[in-house]
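Residues per chain, in single letters:
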Amino acid sequence: MTAQTITLPAEWRDFLALTKPRVMSLVVFTGLCGMLAAPVAIHPVIGFTAVLCIALGAGAAGALNQWYEADLDAKMKRTQGRPLPAGRMDRQSALHFGVGLAIFSVVLMGLAVNFASAAILTVSILFYVLVYTVWLKRRTPQNIVIGGAAGAFPPLIGWAAATGDVALLPFLLFSLVFLWTPPHFWALALFVKTDYANAGVPMLPVVAGERTTRTQIGLYTIPMAAVAVAPWPLGLTGAIYGIAACLLTATFGLLAVQVALRSTQQDDRMKPEKRLFAFSILYLFAMFGALVADRWMLT
């Protein structure tokens, strides 16, 4: 279906799909955990507003990403069903929706919460849209490495919403998500390599090959593991987080090593890569959940 045959208006489900709700759930969760881990209690209404703004900002970034990448999404099997490539919405509607959400989320955050969190939210949206989507995605296999910062901002935003500033712990949480992103996405890229190649996206497996990608997954896991455990010996968290971080990171490392050391066989179903990708999502949820549990049990 082409843009000329689109039937409007698009359904609300299509606008919801533009926000990438599955991705948004992790963004909102890490932002909420950053806020709950802060040493300052936040009023429930203000806290809810802050989380809402994080969700709306993430949704805005997702919508603008899909607006800009509609042509790429149409070439990949896993994204062909999205509203724009499927012809259920015109690009102008997606653009207006994304820009409107972005402005509303930042203004609401600034007026209802504080300007520090609104400023970081602004940077996160602009980074995802302009730096990752527009500049990096189609130009370099380092798109995920540098672009990973876009998804790492929510813990900083949540912490700033509660305290009005940032500190070492939320910076370490930012670093954790930043370093987690390459092995997470490269595991996915290994088993959807053909999709990226067909779309002309220079993901690492496409331009550098599987061997290099597997090696990079293993290498990036090392600093990620160090950052994941660091809050405990630095005295920023207690044993609940520390033990959970050690166990979860050891499991992540084992799965990453399996991916790093193996080679693709004929008719390979990529089970180790799929296991690493699936666990990497659970890993981040569990790590941030352990952080909040540690904080609240200690207090």
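Summary of the structure given here. Computed from a predicted structure; not experimentally measured. Positions within a chain are numbered from 1, following the residues in the order the chain's sequence is written. Where local features are concerned, this predicted model is filtered to residues with pLDDT of at least 70; where side-chain atom pairs are given and counted, the filter is 80 or more; whole-chain, interface and lining totals use all residues. Just so you know, side-chain values use all the structure's heavy atoms and leave hydrogens and water out.

**So, the overall build of the protein**
Moving on, step 1. Secondary structure elements follow DSSP: runs of H or I of four or more residues count as helices, runs of E of two or more count as strands, with numbering from the N terminus. In terms of regular secondary structure, the protein is built from 14 helices and zero strands.
Moving on, step 2. For the protein, the α and β elements follow one another from N to C terminus as α-α-α-α-α-α-α-α-α-α-α-α-α-α.
Moving on, step 3. Taken over the C-alpha trace, the protein has a radius of gyration of 19 Å; the compact-globule value for 299 residues is 19 Å, and the two agree within 12%.
Moving on, step 4. Over its C-alpha atoms, taken along the principal directions, the protein stretches across nearly 60 × 50 × 25 Å.
Moving on, step 5. Whether two residues are in contact is decided by their heavy atoms, any of which lying within 4.5 Å being enough. Within the protein, contacts between residues separated by at least 24 positions form 74% of all contacts whose residues are at least 6 apart in sequence.
Moving on, step 6. Only four residue types enter the charge count, namely Lys and Arg as positive and Asp and Glu as negative; His and the chain termini do not. We put the charge of a Lys on NZ, of an Arg on CZ, of an Asp on CG and of a Glu on CD. Averaging the locations of the 21 positively and 13 negatively charged side chains of the protein gives two centres separated by 4 Å. Both definitions apply: the radius of gyration is a C-alpha atom measure, and the globule rule equals 2.2 Å times residues to the power 0.38.

**Quick word on the layout of surface pockets**
Moving on, step 1. Here a cavity denotes a set of grid points, spaced 1 Å apart and computed over the protein atoms alone, in which a 1.4 Å probe fits but from which it cannot get out, and a pocket denotes an open set meeting protein on both sides within 12 Å along at least five of seven lines; residues with an atom within 4 Å of a point are reported as lining. Grid points are joined across faces, edges and corners, and a volume is the space filled by probe spheres set on the points. Of the pockets and cavities examined, the largest pocket occupies roughly 1300 Å³.
Moving on, step 2. Around the largest pocket sit 48 residues that line it, and K20, R22, V23, Y128 and F185 are the ones nearest its centre.
Moving on, step 3. Taken together, the elements giving at least two residues each to the lining of the largest pocket come down to α2 (21-36), α3 (44-68), α6 (115-136), α7 (143-147), α8 (154-163), α9 (168-191) and α14 (271-298).
Moving on, step 4. The leading source of residues in the lining of the largest pocket is α2, at eight residues.
Moving on, step 5. Only Asp, Glu, Lys and Arg are considered charged in this grouping, and only Ala, Val, Leu, Ile, Met, Phe, Trp, Tyr, Cys and Pro are considered nonpolar; every other residue, Gly among them, is considered polar. Considering only residue class, the lining of the largest pocket consists of 27 nonpolar, 14 polar and seven charged.

**Notes on helix α12 (residues 210-229)**
Moving on, step 1. A helix is expected to span 1.5 Å for every residue after the first. Compared with the 28 Å implied by 1.5 Å per residue over 20 residues, the 29 Å span of α12 between its first and last C-alpha is a close match.
Moving on, step 2. Categorising residues by exposure relies on relative accessible area from a 1.4 Å probe, with only protein chains included: less than 20% of the type maximum marks a residue as buried, more than 50% marks it as exposed, and the intermediate range marks it as partly exposed. If you check which residues of α12 are buried, you get T213, R214, I217, Y220, T221, M224, V227 and A228.
Moving on, step 3. Taken together, the buried residues of α12 touch α7, α9, α11 (204-207), α13 (239-261) and α14.

**Let's talk about the packing of α9 against α12**
Moving on, step 1. It is at 9 Å that the axes of α9 and α12 come closest, and there the two elements cross at 160°. By the angle between their axes, α9 is roughly antiparallel relative to α12. Relative to α12, the crossing made by α9 is left-handed. Counted together, L172, S175, L176, L179, W180, P182, P183, W186, A187 and L190 of α9 and E210, T213, R214, Q216, I217, Y220, T221, P223, M224, V227 and A228 of α12 form the full contact between these two elements.
Moving on, step 2. Per-class residue counts for the contact of α9 with α12 are 15 nonpolar, four polar and two charged. Between N-to-C directions, angles cover 0 to 180 degrees, with each direction set by a line fitted to C-alpha atoms, over the stretch in contact for helices. Roughly parallel means an angle under 35 degrees; roughly antiparallel means over 145; roughly perpendicular covers 65 to 115; every other angle is labelled oblique. Here a crossing is taken to be left-handed if its near helix is turned anticlockwise relative to the far helix by less than a right angle, and right-handed if that turn runs clockwise.

**What about a positive patch on the surface?**
Moving on, step 1. Residues enter patches when their relative accessible area tops 30% and they take part in no salt bridge; the joining distance is 9 Å for like charges and 5 Å for the nonpolar side chains Val, Leu, Ile, Met, Phe, Trp and Tyr. Accessible surface is estimated by sampling points in the Shrake-Rupley manner with a 1.4 Å probe; for residues, cover comes only from the protein chains shown. Note on definitions: salt bridges are taken to be side-chain nitrogens of Lys or Arg within 4 Å of carboxyl oxygens of Asp or Glu. There is a patch of like positive charges on the surface, built from R269, K271, K274 and R275.
Moving on, step 2. Relative to the assigned elements, K271 resides in helix α14.
Moving on, step 3. For K271, a relative accessible area of 51% puts it in the exposed group.

**Section: the nonpolar core**
Moving on, step 1. Only buried residues count toward a nonpolar core, which is a set of Ala, Val, Leu, Ile, Met, Phe, Trp, Tyr and Cys residues joined through side-chain atoms within 4.5 Å. M109, L176 and Y283 are the most contacted members of the largest nonpolar core, which has 84 residues in total.
Moving on, step 2. With 13 residues, the top contributor of residues to this core is α9.
Moving on, step 3. Residues in contact with L176, not counting those within four places in the same chain, are M224, V227, A228, Y283, L284, M287 and F288.
Moving on, step 4. Membership of the second largest hydrophobic core comes to six residues, among which are L18, A63, M89 and A94.

**As for a nonpolar patch on the surface**
Moving on, step 1. Together, V99, I103, V107 and L111 make up an exposed nonpolar region whose accessible area comes to about 380 Å².
Moving on, step 2. Its place among the elements puts V99 in helix α5 (residues 91-112).
Moving on, step 3. Since its relative accessible area comes to 36%, V99 is described here as partly exposed.

**Description of the environment of A116**
Moving on, step 1. Position of A116 among the secondary structure elements: in helix α6.
Moving on, step 2. According to the relative accessible area criterion, A116 is partly exposed, its value standing at 25%.
Moving on, step 3. Here A116 is in contact with A160 and G164, once residues within four sequence places are set aside.

**A closer look at the environment of V129**
Moving on, step 1. For V129, the position within the fold is in helix α6.
Moving on, step 2. You can call V129 buried: its relative accessible area is 12%.
Moving on, step 3. With 92 residues separating them in the primary sequence, V129 and A37 have C-alpha atoms 28 Å apart.
Moving on, step 4. With residues near it in sequence (within four places) discarded, V129 still touches A61, L64 and V134.

**Here we look at the pattern of salt bridges**
Moving on, step 1. Under the counting rule described, the total for this entry stands at eight salt bridges.
Moving on, step 2. One salt bridge in this structure joins R88 and D14, with 2.7 Å as the shortest N-O distance. On the criterion of sequence distance, the pair formed by R88 in the loop between α4 (70-73) and α5 and D14 in helix α1 (residues 12-18) is long-range, its members being 74 residues apart.
Moving on, step 3. Classification of R88 as partly exposed rests on a relative accessible area of 33%.
Moving on, step 4. According to the relative accessible area criterion, D14 is buried, its value standing at 7%.
Moving on, step 5. R214 is the salt-bridge partner of E210, the closest N and O atoms lying 3.5 Å from each other. Note that E210 and R214 are positioned in helix α12 at a spacing of four residues, about one turn of the helix.
Moving on, step 6. The network of salt bridges with common partners includes E210, R214, R262 and E273.

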